[in-house]
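Report on the structure
This is what each chain is made of:
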Amino acid sequence: MSRRVFIVLGLVVLAWATQGCTTSRSQVLQADESAVKLRSIQTRVFDTTDKPKMLRTVMATLQDLGFVVDAADDTIGSVTATKLDRYALKMTVMVRPRNERQLLVRANAQYNLNAVANPEPYQNFFAALEKAIFLTAHLEDDGAPATGPSATSPASTAPSAPAPQAATVATPIHK
């Protein structure tokens, strides 16, 4: 009789332990999915290799959005800026080569030391960055000096207007 009790008790414990592993696995998978989703919101690829120009454009864009640049390092390709407008929002932008013809730009925003998962600040930043790149390309085409990488916006390319020679197009990362 006591042997049967131990067997039944062992099966119950085994079933309970197996259920706990399933829950842990699903939680890990959900965490991985949310991390990938956040990374895709935070990241864009640009068809340019001019990292210093991209960093200057990132700094100008952050300043246009009301941020104050705290630190910039062209060697590692980072810019950190803070926006103080009824709240303290810190954004760090990394620029690094993706391959021989593209740069990867990733923005990471923090609010009170917590990562910002809301896509709005990232969308605002990348929309402004893409506009700055687009305007820079057109200034370069007109012969005026420019400070950012050449670019065209996918929506701005009309059939009658040829694209600039050094076109840069932002591409969201989807994994």
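For every chain, the first residue of the written sequence is number 1, and numbering continues from 1 onward in sequence order. Restriction of local features to residues with pLDDT of at least 70 applies here, the model being predicted, together with a cutoff of 80 or more for giving and counting side-chain atom pairs; totals for whole chains, interfaces and linings are based on all residues. Processing note: side-chain calculations cover all non-hydrogen atoms of the structure and skip hydrogens and water entirely.

**Quick notes on the overall build of the chain**
Secondary structure is summarised from DSSP: a helix means a run of H or I of at least four residues, a strand means a run of E of at least two, and numbering begins at the N terminus for each. Regarding its fold elements, the chain presents three helices and seven strands. Overall, the chain shows an N-to-C arrangement of helices and strands of α-β-α-β-β-β-β-β-α-β. Using a 1.4 Å probe on the protein chains alone, a residue whose accessible area is under 20% of its type maximum counts as buried, one over 50% counts as exposed, and one in between counts as partly exposed. Out of the 175 residues in the chain, the part that is buried amounts to 30%. Contacts spanning at least 24 positions in sequence make up 48% of the contacts within the chain whose residues lie at least 6 apart. In these tables, accessible area is a Shrake-Rupley quantity obtained with a 1.4 Å probe, and a residue counts as shielded only by the protein chains included in the view. Carbon together with sulfur atoms contributes 58% to the accessible area of the chain, which is approximately 11,400 Å² in total. By definition, residues are in contact when any of their heavy atoms lie within 4.5 Å.

**Some thoughts on the nonpolar core**
For the purposes of this section, nonpolar cores are sets of buried Ala, Val, Leu, Ile, Met, Phe, Trp, Tyr and Cys residues that join through side-chain atoms within 4.5 Å. Ranked by internal contacts, the top residues of the largest apolar core, which has 23 residues, are Val-58, Leu-62 and Phe-125. Residue assignment for this core shows that the elements contributing at least two residues are α2 (51–64), β3 (78–84), β4 (88–97), β5 (103–111) and α3 (119–141). At five residues, α3 tops the list of elements feeding residues into this core. With near-sequence residues (within four places) excluded, Val-58 lies in contact with Val-79, Val-93, Val-95, Phe-125 and Leu-129.

**What about the environment of Thr-48?**
Structurally, Thr-48 can be placed in the loop between β1 (43–46) and α2. A C-alpha to C-alpha distance of 6.0 Å links Thr-48 and Leu-103, two positions 55 residues apart in sequence. Looking at Thr-48, its side chain comes within polar contact range of the main-chain nitrogen of Asp-50, at 3.3 Å. Each polar contact in these results corresponds to two N or O atoms within 3.5 Å; when the atoms are within protein, one needs to be able to donate a hydrogen and the other to accept it, and residues that are neighboring in sequence are counted only if both atoms are side-chain atoms.

**Details of the packing of aromatic side chains**
Pairing of aromatic side chains here covers Phe, Tyr and the six-membered ring of Trp, requires ring centres within 6.5 Å, and sorts the geometry by plane angle: under 30 degrees stacked, over 60 edge-to-face, intermediate tilted. Applying the stated rule across the entire model yields two aromatic pairs. With a centroid separation of 5.1 Å and 65 degrees between ring planes, the pair formed by Phe-125 and Phe-126 is classed as edge-to-face. Accessibility assignment for this pair places Phe-125 and Phe-126 in one class, buried.

**Observations concerning the pattern of salt bridges**
A side-chain nitrogen of Lys or Arg and a carboxyl oxygen of Asp or Glu constitute a salt bridge if their distance falls within 4 Å. By the definition in use, this model includes two salt bridges. Note that Arg-86 is salt-bridged to Asp-85, the shortest N-O span being 3.9 Å. Overall, Arg-86 belongs to the exposed group, its relative accessible area being 80%.

**Digging into the pairing of β1**
The side-chain alternation of β1 yields two buried faces, one formed by Thr-43 and Val-45 and the other by Arg-44 and Phe-46. Only strands that DSSP links by at least two bridges are regarded as paired with each other. Sheet topology note: the β1/β5 ladder contains four bridges and is antiparallel. Of the residues in β5, the one forming a bridge with Arg-44 is Val-105.

**As for the pairing of β3**
Most of β3 sits out of view: six of its seven residues are buried. In this structure, strand β2 (residues 68–73) lies alongside β3, joined through five bridges in antiparallel fashion. Paired with Ala-71 across the two strands is Thr-80, which belongs to β3. Counting the residues between successive antiparallel strands, the hairpin from β2 to β3 contains four residues, one of them, Gly-77, with a positive phi of roughly 80 degrees. Bridge count for β3 against β4 is seven bridges, and the pairing is antiparallel.

**Digging into the confidence of the model for the chain**
The share of residues in the chain with pLDDT of 70 or more is 64%, and the mean pLDDT across the chain is 77. When mean pLDDT is taken per element in the chain, β2 scores highest with 96 and strand β7 (residues 170–172) scores lowest with 58. Each residue gets a pLDDT score, which is the predictor's confidence in that residue and runs from 0 to 100. Note on residues 150–167: pLDDT is under 50 here. Beyond four places in sequence and across chains, it has 25 contacts.

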